[in-house]
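Spelled out from the first residue to the last, the chains are:
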Amino acid sequence: DQQVKQNSPSLSVQEGRISILNCDYTNSMFDYFLWYKKYPAEGPTFLISISSIKDKNEDGRFTVFLNKSAKHLSLHIVPSQPGDSAVYFCAATGYQKVTFGTGTKLQVIP
Amino acid sequence: TAGITQAPTSQILAAGRSMTLRCTQDMRHNAMYWYRQDLGLGLRLIHYSNTAGTTGKGEVPDGYSVSRANTDDFPLTLASAVPSQTSVYFCASSEVPAPNTGELFFGEGSRLTVL
(Lines give C-alpha, C1' and ligand atoms only; values in the text may rest on other atoms or scores of the structure.)
Protein backbone atom coordinates (compact mmCIF):
# COMPACT_ATOMS: atom_id res chain seq x y z
CA ASP A 1 0.00 0.00 0.00
CA GLN A 2 1.72 3.13 -1.26
CA GLN A 3 1.38 5.84 1.39
CA VAL A 4 3.23 8.43 -0.69
CA LYS A 5 2.28 8.62 -4.36
CA GLN A 6 3.66 10.46 -7.34
CA ASN A 7 1.21 9.85 -10.14
CA SER A 8 3.24 11.44 -12.92
CA PRO A 9 6.23 9.28 -13.86
CA SER A 10 7.64 11.99 -16.12
CA LEU A 11 7.39 15.68 -16.95
CA SER A 12 8.92 17.83 -19.70
CA VAL A 13 9.26 21.58 -19.33
CA GLN A 14 10.85 24.29 -21.43
CA GLU A 15 13.87 26.06 -19.94
CA GLY A 16 12.84 29.21 -18.08
CA ARG A 17 9.30 28.01 -17.44
CA ILE A 18 7.86 26.69 -14.20
CA SER A 19 8.11 23.00 -13.29
CA ILE A 20 5.42 21.66 -10.95
CA LEU A 21 5.89 18.23 -9.44
CA ASN A 22 3.04 16.72 -7.45
CA CYS A 23 2.78 14.27 -4.60
CA ASP A 24 -0.16 12.82 -2.68
CA TYR A 25 -0.12 11.02 0.64
CA THR A 26 -2.61 9.00 2.64
CA ASN A 27 -1.32 9.18 6.23
CA SER A 28 -2.34 12.34 8.07
CA MET A 29 0.21 11.59 10.83
CA PHE A 30 3.27 12.41 8.74
CA ASP A 31 5.45 15.06 10.43
CA TYR A 32 7.61 16.42 7.63
CA PHE A 33 7.53 16.24 3.87
CA LEU A 34 10.62 16.35 1.73
CA TRP A 35 11.83 16.41 -1.82
CA TYR A 36 14.95 14.61 -2.98
CA LYS A 37 16.67 14.98 -6.33
CA LYS A 38 18.48 12.14 -8.06
CA TYR A 39 20.82 12.25 -11.03
CA PRO A 40 21.66 9.04 -12.95
CA ALA A 41 24.31 6.87 -11.29
CA GLU A 42 24.21 8.98 -8.13
CA GLY A 43 22.41 8.69 -4.82
CA PRO A 44 19.44 10.92 -4.00
CA THR A 45 20.25 14.26 -2.41
CA PHE A 46 18.01 16.27 -0.11
CA LEU A 47 16.47 19.32 -1.77
CA ILE A 48 13.86 20.97 0.44
CA SER A 49 11.46 20.10 3.25
CA ILE A 50 8.32 21.42 4.89
CA SER A 51 6.86 20.84 8.32
CA SER A 52 3.30 19.56 8.54
CA ILE A 53 2.37 22.75 10.41
CA LYS A 54 3.33 25.00 7.52
CA ASP A 55 1.85 25.45 4.07
CA LYS A 56 4.82 26.87 2.17
CA ASN A 57 8.58 26.79 2.26
CA GLU A 58 10.83 28.57 -0.21
CA ASP A 59 14.52 28.15 -0.98
CA GLY A 60 15.77 30.08 -3.97
CA ARG A 61 14.15 28.74 -7.13
CA PHE A 62 12.45 25.93 -5.20
CA THR A 63 9.16 26.24 -3.33
CA VAL A 64 7.21 23.47 -1.69
CA PHE A 65 3.49 23.87 -1.00
CA LEU A 66 1.53 21.69 1.41
CA ASN A 67 -2.25 21.32 1.33
CA LYS A 68 -3.10 19.17 4.35
CA SER A 69 -6.82 19.03 3.72
CA ALA A 70 -6.16 17.53 0.30
CA LYS A 71 -3.16 15.50 1.51
CA HIS A 72 -1.18 16.96 -1.36
CA LEU A 73 2.15 18.66 -1.77
CA SER A 74 3.90 20.13 -4.75
CA LEU A 75 7.35 21.33 -5.68
CA HIS A 76 7.64 24.41 -7.88
CA ILE A 77 10.88 25.18 -9.69
CA VAL A 78 11.06 28.66 -11.18
CA PRO A 79 12.75 29.26 -13.54
CA SER A 80 13.56 25.72 -14.66
CA GLN A 81 17.10 25.09 -15.84
CA PRO A 82 18.56 22.18 -17.84
CA GLY A 83 20.58 21.18 -14.76
CA ASP A 84 17.29 20.53 -12.97
CA SER A 85 16.73 17.50 -15.20
CA ALA A 86 16.66 14.59 -12.75
CA VAL A 87 14.32 12.23 -10.93
CA TYR A 88 12.53 13.89 -8.03
CA PHE A 89 11.32 11.84 -5.08
CA CYS A 90 8.72 13.02 -2.64
CA ALA A 91 9.14 11.65 0.91
CA ALA A 92 7.44 11.87 4.28
CA THR A 93 8.55 11.19 7.84
CA GLY A 94 6.47 9.53 10.50
CA TYR A 95 6.39 6.43 12.70
CA GLN A 96 10.19 6.64 12.92
CA LYS A 97 10.81 6.09 9.24
CA VAL A 98 11.10 7.97 5.98
CA THR A 99 8.69 6.82 3.25
CA PHE A 100 9.44 7.66 -0.37
CA GLY A 101 7.24 8.06 -3.40
CA THR A 102 7.82 6.43 -6.77
CA GLY A 103 9.59 9.40 -8.35
CA THR A 104 8.96 11.80 -11.25
CA LYS A 105 11.53 12.21 -14.00
CA LEU A 106 11.84 15.87 -14.95
CA GLN A 107 13.32 16.88 -18.27
CA VAL A 108 14.05 20.56 -18.83
CA ILE A 109 14.41 21.26 -22.52
CA PRO A 110 16.90 23.99 -23.49
CA THR B 1 34.53 14.44 0.66
CA ALA B 2 33.56 10.83 1.40
CA GLY B 3 30.28 10.65 3.30
CA ILE B 4 28.88 7.24 2.41
CA THR B 5 30.89 4.70 0.46
CA GLN B 6 29.23 1.67 -1.10
CA ALA B 7 30.89 -1.34 -2.70
CA PRO B 8 30.71 -2.86 -5.19
CA THR B 9 29.38 -0.31 -7.67
CA SER B 10 27.84 -3.11 -9.70
CA GLN B 11 27.73 -6.88 -9.59
CA ILE B 12 26.27 -9.74 -11.59
CA LEU B 13 25.38 -12.69 -9.40
CA ALA B 14 24.12 -16.19 -10.14
CA ALA B 15 20.87 -17.13 -8.46
CA GLY B 16 21.44 -19.08 -5.27
CA ARG B 17 24.77 -17.43 -4.51
CA SER B 18 25.35 -15.20 -1.52
CA MET B 19 26.48 -11.60 -1.67
CA THR B 20 27.33 -8.85 0.78
CA LEU B 21 26.96 -5.20 -0.17
CA ARG B 22 29.25 -3.01 1.88
CA CYS B 23 28.45 0.42 3.27
CA THR B 24 30.73 2.68 5.28
CA GLN B 25 30.09 6.20 6.51
CA ASP B 26 32.54 8.71 7.95
CA MET B 27 30.06 11.20 9.37
CA ARG B 28 29.60 9.40 12.71
CA HIS B 29 25.87 9.27 12.08
CA ASN B 30 23.87 7.16 14.48
CA ALA B 31 21.31 5.80 12.04
CA MET B 32 21.87 3.88 8.82
CA TYR B 33 19.50 2.45 6.23
CA TRP B 34 19.34 0.21 3.19
CA TYR B 35 16.90 1.05 0.40
CA ARG B 36 16.28 -0.59 -2.94
CA GLN B 37 15.17 1.38 -5.99
CA ASP B 38 12.99 -0.29 -8.59
CA LEU B 39 11.26 1.29 -11.56
CA GLY B 40 7.72 2.29 -10.69
CA LEU B 41 8.20 1.45 -7.02
CA GLY B 42 10.50 4.21 -5.86
CA LEU B 43 12.76 3.71 -2.87
CA ARG B 44 11.72 1.01 -0.44
CA LEU B 45 13.31 0.47 2.97
CA ILE B 46 14.87 -2.96 3.48
CA HIS B 47 16.49 -2.71 6.92
CA TYR B 48 17.60 0.04 9.21
CA SER B 49 19.76 0.57 12.30
CA ASN B 50 19.06 3.39 14.73
CA THR B 51 22.37 2.93 16.53
CA ALA B 52 25.33 0.56 16.61
CA GLY B 53 24.29 -2.85 17.90
CA THR B 54 20.63 -2.57 16.87
CA THR B 55 18.80 -3.31 13.62
CA GLY B 56 15.21 -3.33 12.44
CA LYS B 57 13.11 -4.48 9.51
CA GLY B 58 11.77 -2.13 6.88
CA GLU B 59 9.09 -2.61 4.23
CA VAL B 60 10.81 -5.37 2.22
CA PRO B 61 13.20 -7.28 4.53
CA ASP B 62 12.68 -10.83 3.25
CA GLY B 63 15.81 -12.40 1.78
CA TYR B 64 18.12 -9.82 3.33
CA SER B 65 20.04 -9.54 6.59
CA VAL B 66 22.11 -6.76 8.13
CA SER B 67 24.46 -6.22 11.03
CA ARG B 68 25.75 -3.11 12.78
CA ALA B 69 28.84 -4.05 14.75
CA ASN B 70 30.08 -0.45 14.88
CA THR B 71 28.94 3.07 14.00
CA ASP B 72 30.58 3.26 10.60
CA ASP B 73 29.68 -0.01 8.84
CA PHE B 74 26.31 -1.43 7.80
CA PRO B 75 26.66 -4.41 5.44
CA LEU B 76 23.67 -5.92 3.64
CA THR B 77 23.76 -9.67 2.96
CA LEU B 78 21.75 -11.71 0.49
CA ALA B 79 22.10 -15.30 1.68
CA SER B 80 20.70 -16.93 -1.46
CA ALA B 81 20.04 -14.45 -4.24
CA VAL B 82 16.93 -14.62 -6.44
CA PRO B 83 16.21 -12.74 -9.69
CA SER B 84 13.62 -10.51 -7.96
CA GLN B 85 16.49 -9.04 -5.94
CA THR B 86 17.85 -7.46 -9.11
CA SER B 87 17.81 -3.79 -8.18
CA VAL B 88 19.84 -0.73 -7.31
CA TYR B 89 20.66 -0.67 -3.62
CA PHE B 90 21.27 2.55 -1.72
CA CYS B 91 22.79 2.87 1.71
CA ALA B 92 21.91 6.01 3.66
CA SER B 93 22.59 7.56 7.04
CA SER B 94 21.20 10.27 9.27
CA GLU B 95 22.47 11.99 12.36
CA VAL B 96 19.47 10.83 14.37
CA PRO B 97 17.02 8.02 13.59
CA ALA B 98 14.26 8.97 11.16
CA PRO B 99 14.98 12.65 11.71
CA ASN B 100 12.07 15.05 11.94
CA THR B 101 13.43 16.87 8.96
CA GLY B 102 13.85 13.56 7.14
CA GLU B 103 17.25 14.44 5.80
CA LEU B 104 19.13 11.31 4.82
CA PHE B 105 22.56 11.17 3.20
CA PHE B 106 22.82 8.56 0.46
CA GLY B 107 25.66 6.63 -1.09
CA GLU B 108 26.00 6.35 -4.85
CA GLY B 109 24.33 2.97 -5.04
CA SER B 110 25.19 -0.63 -5.88
CA ARG B 111 23.60 -2.11 -8.99
CA LEU B 112 22.95 -5.83 -8.52
CA THR B 113 21.81 -8.18 -11.25
CA VAL B 114 20.78 -11.70 -10.28
CA LEU B 115 20.61 -14.18 -13.16
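Everything discussed here concerns the structure shown above.
About the cut-offs
Residues numbered from 1 in each chain as written. Chains lettered and ligands numbered in written order. Predicted model: local features only at pLDDT ≥ 70, side-chain atom pairs only at ≥ 80, totals over all residues. Heavy atoms only, no water. Contact = heavy atoms within 4.5 Å. Salt bridge = Lys/Arg side-chain N within 4 Å of Asp/Glu carboxyl O. Polar contact = N/O pair within 3.5 Å; in protein donor to acceptor, adjacent residues only side chain to side chain. Helix = DSSP H or I, 4+ residues; strand = E, 2+ residues; numbered from the N terminus. Nonpolar A, V, L, I, M, F, W, Y, C, P; charged D, E, K, R; others polar. Buried < 20%, exposed > 50% of the residue type's maximum accessible area, 1.4 Å probe, protein only. Pairing = 2+ DSSP bridges. Axes fitted to C-alpha atoms, helices over the stretch in contact; angles between N-to-C directions. Disulfide = S-S within 2.5 Å.

**Some words on the interface of chain B and chain A**
Taken together, the 18 residues of chain B in the interface contact 19 residues of chain A. In this assembly, chain B and chain A are joined by 0 salt bridges. Joining chain B to chain A, the criterion identifies 2 residue pairs in polar contact (both at pLDDT 80 or more). Elements with a minimum of two residues in the side of chain B that touches chain A: β4 (31-38) and β5 (42-49) of chain B. Among the residues forming the side of chain B that touches chain A, the class breakdown is 8 nonpolar, 7 polar and 3 charged.

**Quick look at the environment of alanine 31 of chain B**
Residues and elements named next belong to chain B. Note on placement: alanine 31 falls in strand β4. For alanine 31, a relative accessible area of 0% corresponds to the buried category. Distance in space between the C-alpha atoms of alanine 31 and valine 66 is 13 Å, their sequence separation being 35 residues. In this view, alanine 31 contacts Ser49, Asn50, Arg68, Ala92, Ser93, Ser94, Glu95, Val96 and Pro97; residues no more than four positions away in its chain are not counted.

**A word on the sheet that holds strand β8 (residues 76-78) of chain B**
Residue and element names in this part refer to chain B. The 4 strands lie next to each other as β1-β3-β8-β7, forming an open sheet whose pairing is antiparallel. In this open sheet, the two strands that pair with only one neighbour each are β1 (4-7) and β7 (64-66). Recorded for the sheet is a direction-independent mean angle of 20° between the axes of neighbouring strands. Pairing between β7 and β8: 3 bridges, direction antiparallel. Each residue of the ladder has a partner; that of valine 66, found in β8, is leucine 76.

**Details of the environment of histidine 29 of chain B**
All names here are of chain B. By the secondary structure assignment, histidine 29 is in the loop between β3 (19-25) and β4. In this structure histidine 29 comes out as buried when scored by relative accessible area, which is 8%. A C-alpha to C-alpha distance of 14 Å links histidine 29 and glycine 53, two positions 24 residues apart in sequence.

**What to know about the state of the cysteines**
Residue and element names in this part refer to chain A. Tallying each qualifying case throughout the model produces 2 disulfides over all chains. Across the disulfide, cysteine 23 is cross-linked to cysteine 90 (sulfur-sulfur distance 2.0 Å). In this structure, the disulfide formed by cysteine 23 and cysteine 90 twists by about -70° around the S-S bond and is classed as left-handed. Pair noted here: cysteine 23 is in strand β3 (residues 19-25) and cysteine 90 is in strand β9 (residues 86-94), with a separation of 67 residues, a long-range link. A residue is classified by how much of its surface remains accessible, and cysteine 23, at 0% relative accessible area, is buried. Residue cysteine 90 is classed as buried on the basis of its relative accessible area, which comes to 1%.

Everything listed is a geometric property; what it means functionally is a separate question.
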